[in-house]
Amino acid sequence: MRRDVRILLAGDEGVGKSTIITTLIKEFYVPNVGDIIPEVTIPPEVTPENVTTYIVDSSPKEQHRPHLETEIRKAHVICVVYAIDDPNSFNRLATYWLPYFRSLGVNIPVILVGNKIDLRGGEVTNAALEEEIAPIMQEFKEVETCVECSAKTPVNVSEVFYFAQKAVLHPTAPLYDSREHCLKPACVEALKRIFKLCDVNKDGLLDATELNDFQRKCFDTSLQLQELEGIKDTVRSHIANGLSVVPPPVHPSSSSSSPADTPSDEGLTEAGFLYLHTRFIQRGRLETTWTVLRKFGYAEDLKLKESFLEPKFDVPYDCSVELSASGYQFFTDIFELYDKDKDGALRQEELDDLFSTSPGCPWIDQGFPDTTISNDDGAVTLQGWLAQWSMTTLLDYRTTLHYLAYLGFPLSPNVPSTSASSSAPLPTTAALQVTRARHSDRRRGKVSRNVFRCYVCGAAGSGKTSLLRAFVGKPFKRGPNGEGVYEPTTKVISVVNSVEINGSEKYLVLQEFGSKYEAEALRNSRKMEVDVIVYVHDSSDTNSFSYISNLRQQYNLDHIPSIFVATKSDLDLAQQRHKVQPDVYCRRLGLQVPVAVSVRTGELADVFHEICKVAIDPLSAIPGGAERSLSTVYKVRTAVTLTAILGGTTATILYLAGLRNLGGWRTPNLLSWLTGTKLGWILGRREL
């Protein structure tokens, strides 16, 4: 909501614009005020809406036309004043002033102000005033309302500016169609989404507890029994399907708050919820509906604010993002709520219902649910659901933040029912946590993370995709003769599953890039924030291993924990066309020999457990030894720092020399004594 309002008073000469402003400031009538009084600034603490208010006077005279047009374009709302005793000034509202504003291209609210009601003979009812104003409001949708006042007596002067403020801070136009007398479609959609989020138990009704939680979230106060029954009586007397009997709970309620006494067992339906907001707006209480919308993250255009979807969340270099305990609890709870048949899996219909408060399933283009664990019918299990969100958070935590907001994190406020007002709700960032940097973990030899990112690299046809499919329990793709079917990888494939190791559950995210994207991923330092590289070769193809060797020579990968996998072990072992065979190659790197697997026969040799062990104990799988465990970027940063500490040309020369000869060059004794290692580790690698 904006923190300032600029109000312009316009209208014919002599209608009392300047007098209205003077009466507001002085709080009494001042005759013979000037032609145009200076701009008035009212501090926020004086106004009901707690916003700074600027009030600007104007003149219709020709010599003041440039000033008038400038102020029209600067204004947030225009009060067009006419005189009750001058019918011509009223007629000119529709024939001159409102068309004039449109001709300038402004699209802001307009308040019609009838001044000098003290000069009217007899009384005019509200119905008569509405009948008089209705044709203008029908033609000019920008007209919010009409207020009659008297600057002389004074009567309703402060109300003029109150309604002007409301027109800016709580505008009618986005919410309500004054011509059709109904809520606009965007407002209906927003309120339906809010209703669904507040329906915590997903029974299609807001029961007493849910209504009380809604009241506390939006208005920081509890809903008393008398108020609740008053709401129900209003709905019951005006709309047939506004209430419905609340079904008995399957389990005892454990919600955080409830009204002091036990109300009737009727709940508010979606239709009843929409009716109440229609009634609020029709009675001029737009601030009620706007408060609700803003509490649920909506901006003036009835779209969710970017700051609501993606609050500030800093992730340092080389760190990753995981779900926190509250994040896992939220996704577990929402899974169980939408698992209507209680079969432990979400069918497509249940997923569609779950994502109905969002733009839709975020993984629609990623092959979901083949990216995670599902049952025989293709429904996503709880294990697969949590694994999928673990992967999403690791690869793109911003998407997780968005969906935490879309899906209504947290599900209900965690405040005691005896509290007079609710505490601040948990931000969506509370569902995430930032891990320690990878290079820090590798230095310590102790990993603090629970979700690991693994790149699966290898030649085309080596069986990478089949390995990924096996990881998430998908069947091996066979051709007519029972042999494997080769399909080129044309886009990045990511799968995830949990692995139990040392009594705890870890998540492995395996990614295959294919020949189109593999080179880009391996040379991009940002994309190389990875925990393990899995090198896959086809043990029956004589040329398969050479691809891996060439890959490792082309890119600097020695600082990344690695494991080698030999696929198609059910076929005859082929002699690789490489200067050394894979087992010798791995031993020279100080790594375990390739893990032999056959996806076709289901002989996987617990390879995923082995990958997870490497991720947990990274120093044991650094090619060439643990001293190479730091990334190139980190090594260069450290070397620059070392150069600055030593403060001399000698250190720079030593550093550059070390870069030029990365293999066997050794530092002088002094530098070895200072660093306790070879300077060759800066980029250290060796070829086999």
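Let us look at the structure shown here.

Rules of the game
Residues numbered from 1 in each chain as written. Predicted model: local features only at pLDDT ≥ 70, side-chain atom pairs only at ≥ 80, totals over all residues. Heavy atoms only, no water. Helix = DSSP H or I, 4+ residues; strand = E, 2+ residues; numbered from the N terminus. Areas by Shrake-Rupley, 256 points an atom, 1.4 Å probe, with all protein chains shown as cover. Buried < 20%, exposed > 50% of the residue type's maximum accessible area, 1.4 Å probe, protein only. Pairing = 2+ DSSP bridges. Axes fitted to C-alpha atoms, helices over the stretch in contact; angles between N-to-C directions. Parallel < 35°, antiparallel > 145°, perpendicular 65-115°, else oblique. Contact = heavy atoms within 4.5 Å. Nonpolar A, V, L, I, M, F, W, Y, C, P; charged D, E, K, R; others polar. Phe/Tyr/Trp six-rings, centres within 6.5 Å; stacked < 30°, edge-to-face > 60°. Core = buried A, V, L, I, M, F, W, Y, C linked by side-chain atoms within 4.5 Å. Salt bridge = Lys/Arg side-chain N within 4 Å of Asp/Glu carboxyl O. Left-handed = near helix turned anticlockwise from the far one by under 90°.

**Here we look at the overall build of the chain**
Along its length, the chain carries 24 helices and 20 strands. As displayed, the chain offers around 32100 Å² of accessible surface, 52% of which is attributable to carbon and sulfur atoms.

**With respect to unusual backbone geometry**
In this chain, T153 is followed by P154 through a cis amide linkage whose omega measures -25 degrees. Along the chain, F368 connects to P369 via a cis peptide bond; the corresponding omega equals 10 degrees. Topologically, P369 is positioned in the loop between α13 (348-354) and β13 (380-381). Here the phi dihedral of K342 falls at roughly 55 degrees; this positive angle occurs in a residue that is not glycine. Here K342 shows up in the loop between α12 (325-338) and β12 (345-346). According to the relative accessible area criterion, K342 is exposed, its value standing at 60%.

**A look at the pairing of strand β15 (residues 451-458)**
Buried residues dominate β15, accounting for eight of its eight residues. Note that β15 and strand β17 (residues 504-512) share six bridges and pair parallel. Within β17, the position partnered with F452 by the bridge is L508. In terms of strand pairing, β15 meets strand β18 (residues 532-538) through five bridges, oriented parallel. Its bridge partner being in β18, G458 is matched across the sheet by V536.

**Here's the deal with the packing of helix α14 (residues 382-395) against helix α15 (residues 397-407)**
Close contact between α14 and α15 brings their axes to 5 Å; oriented N to C, the two are set at 120 degrees. One finds that α14 runs oblique with respect to α15. Contact residues: α14 offers W389, T392, T393 and L395, while α15 offers Y397, T399, T400 and Y403. Here the contact of α14 with α15 is composed, by residue class, of four nonpolar, four polar and no charged.

**Observations concerning the sheet that holds strand β19 (residues 562-567)**
Within the open sheet, the six strands sit side by side as β16-β17-β15-β18-β19-β20. Their pairing is mixed. With partners counted over all chains shown, the strands left at the sheet margins are β16 (493-501) and β20 (595-596), one partner each. Where α14 meets the sheet, its contacts fall on β15, β16 and β17, and the angle it forms with β16 comes to roughly 115 degrees. Sitting on the sheet, helix α18 (residues 514-523) is in contact with β15 and β17, with an inclination near 120 degrees to β15.

**Examining the sheet that holds strand β5 (residues 110-115)**
The sheet built from six strands is open, its strands ordered β2-β3-β1-β4-β5-β6 with mixed pairing. The sheet terminates laterally at β2 (40-42) and β6 (143-148), the two strands that pair on one side only. Going across the sheet, the axis of each strand differs from the next one's by a mean of 20 degrees, ignoring polarity. Bridge count between β2 and strand β3 (residues 52-56): three bridges; the pairing is antiparallel. Looking at β3, one finds that I42 is bridged to T53. Strand contacts of helix α3 (residues 87-103): β1 (4-11), β4 (77-83), β5 and β6, with the helix running at about 155 degrees to β4, the strand carrying the most contacts. Helix α4 (residues 126-139) rests against β4, β5 and β6 of the sheet, and its axis sits at about 150 degrees to β6.

**As for the packing of aromatic side chains**
Tallied over the entire structure, the rule returns 31 aromatic pairs. For the pair Y403 and Y406, a centre-to-centre distance of 5.1 Å together with 80 degrees between the ring planes defines the contact as edge-to-face. Residue Y403 and its partner Y406 are both found in helix α15; the two are separated by three residues, about one turn of the helix. Like Y406, Y403 is buried. Aromatic pair F564 and Y585: ring centres 5.9 Å apart, planes at 70 degrees, arrangement edge-to-face. With a gap of 21 residues between them, F564 in strand β19 and Y585 in helix α20 (residues 582-588) connect regions that are remote in the sequence. Residues F564 and Y585 agree in their burial class; the two are buried.

**What about the nonpolar core?**
Ranked by size, the top nonpolar core spans 74 residues in total, and within it L175, I194, L293, F296, F331, F355 and W385 carry the most contacts. Among the elements that make up this core, the one with the highest residue count is helix α6 (residues 185-198) (eight residues). Residues within four places of L293 in sequence aside, it is in contact with L175, A190, L191, I194, Y298 and L302.

**Quick word on the pattern of salt bridges**
Under the criterion given, the structure shown has 30 salt bridges. The residue D314 makes a salt bridge to K312 at a minimum N-O spacing of 3.4 Å. Per residue, the accessibility class of D314 equals that of K312, and both read exposed. With its nearest N and O atoms 2.4 Å apart, the salt bridge here joins D558 to R552.

**Some thoughts on helix α1 (residues 17-26)**
Note that an α-helix has 3.6 residues per turn; residues three or four places apart therefore point the same way. The element α1 is largely enclosed, with a buried count of seven among its 10 residues. Check the buried side of α1 and you find it contacts β1, β2, β3, β4, β5 and α5 (157-169).

**So, the side chain of S320**
Along the chain, the position of S320 falls in the loop between α11 (306-309) and β11 (321-323). For S320, the contacting residues outside a window of four places in its chain are L394, Q433, V434, T435, R438 and R449.

**Some points on the packing of α12 against α15**
Direction vectors running N to C along α12 and α15 enclose 50 degrees, while the axes themselves pass 12 Å from each other. In this view, α12 runs oblique relative to α15, as classed from their interaxial angle. For the pair α12 and α15, the sense of crossing is left-handed. Between α12 and α15, the residues in contact are F330, F331 and I334 and T400, L404 and L407, respectively. Looking at the contact of α12 with α15 residue by residue, the class counts come to five nonpolar, one polar and no charged.

**Some words on helix α10 (residues 286-295)**
Most of α10 is tucked away: seven of the 10 residues are buried. Regarding α10, the residues found buried are L286, T288, T289, W290, V292, L293 and R294. Against α5, α6, α7 (208-219) and α9 (270-282) lie the buried residues of α10. Taken from the residues just after α10, G297 is the one with a positive phi, measuring 90 degrees.

**Quick look at the pairing of β1**
In terms of residue burial, β1 counts as a mostly covered element, since seven of its eight residues are buried. Bridge count for β1 against β3 is five bridges, and the pairing is parallel. Note on β3: the bridge partner recorded for D4 is T52. In the sheet, β1 pairs with β4 via five bridges, with the strands oriented parallel. Among the inter-strand pairings, A10 is bridged to a residue of β4, identified as V80.

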